[in-house]
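Architecture at a glance
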Amino acid sequence: VELSCIIKSTVTRDPRIEWKKIRDGETSYVFFDNKMQGDFVTRAEILGQTSLVIKNTTRMDTATYRCEVAAPSDTKTIDEINIQLTVQ
């Protein structure tokens, strides 16, 4: 599955991108400090600098995924998008 987080424009050279998984009120890192975290290390990757691709999804991946972008040189220094993923 591919979860898209598209940055339309930024003047910040390397904006900080973080992906988080929110399930049952608990938040965990998926992509942090430019690397995959936890069980995503072996089955996920970043596509096109920002979008998250998860391979071999299972029902355990059902959650809200939050993409957070920090761009300190821009007028809007931080933004986020939440994506609800439901795996049947």
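Check the entry above for the structure.
All of these numbers come straight from a predicted model, not from anything done at the bench.

Turning next to the pattern of salt bridges. With the rule as written, the count across this model stands at 10 salt bridges. With a shortest N-O distance of 3.8 Å, D24 and R23 are connected by a salt bridge. Its relative accessible area of 73% is what places D24 among the exposed residues. For the salt bridge of D61 with R43, the shortest nitrogen-to-oxygen distance reads 2.5 Å. Of this pair, D61 sits in the loop between strand 6 (51-54) and strand 7 (63-70) while R43 sits in the loop between strand 4 (35-36) and strand 5 (44-47), placing them 18 residues apart in sequence. Among the charged side chains, a network of salt bridges with common partners joins R16, E18, K20, R66, E68 and E80.

Tracing the chain through its elements places E68 in strand 7. A polar atom in the side chain of E68 sits 3.2 Å from the side chain of K20. Ignoring any residue separated from it by four or fewer positions in sequence, one finds E68 in contact with R16, I17, E18, K20, D79 and E80.

The rules behind these values
Residues numbered from 1 in each chain as written. Predicted model: local features only at pLDDT ≥ 70, side-chain atom pairs only at ≥ 80, totals over all residues. Heavy atoms only, no water. Salt bridge = Lys/Arg side-chain N within 4 Å of Asp/Glu carboxyl O. Buried < 20%, exposed > 50% of the residue type's maximum accessible area, 1.4 Å probe, protein only. Helix = DSSP H or I, 4+ residues; strand = E, 2+ residues; numbered from the N terminus. Polar contact = N/O pair within 3.5 Å; in protein donor to acceptor, adjacent residues only side chain to side chain. Contact = heavy atoms within 4.5 Å.

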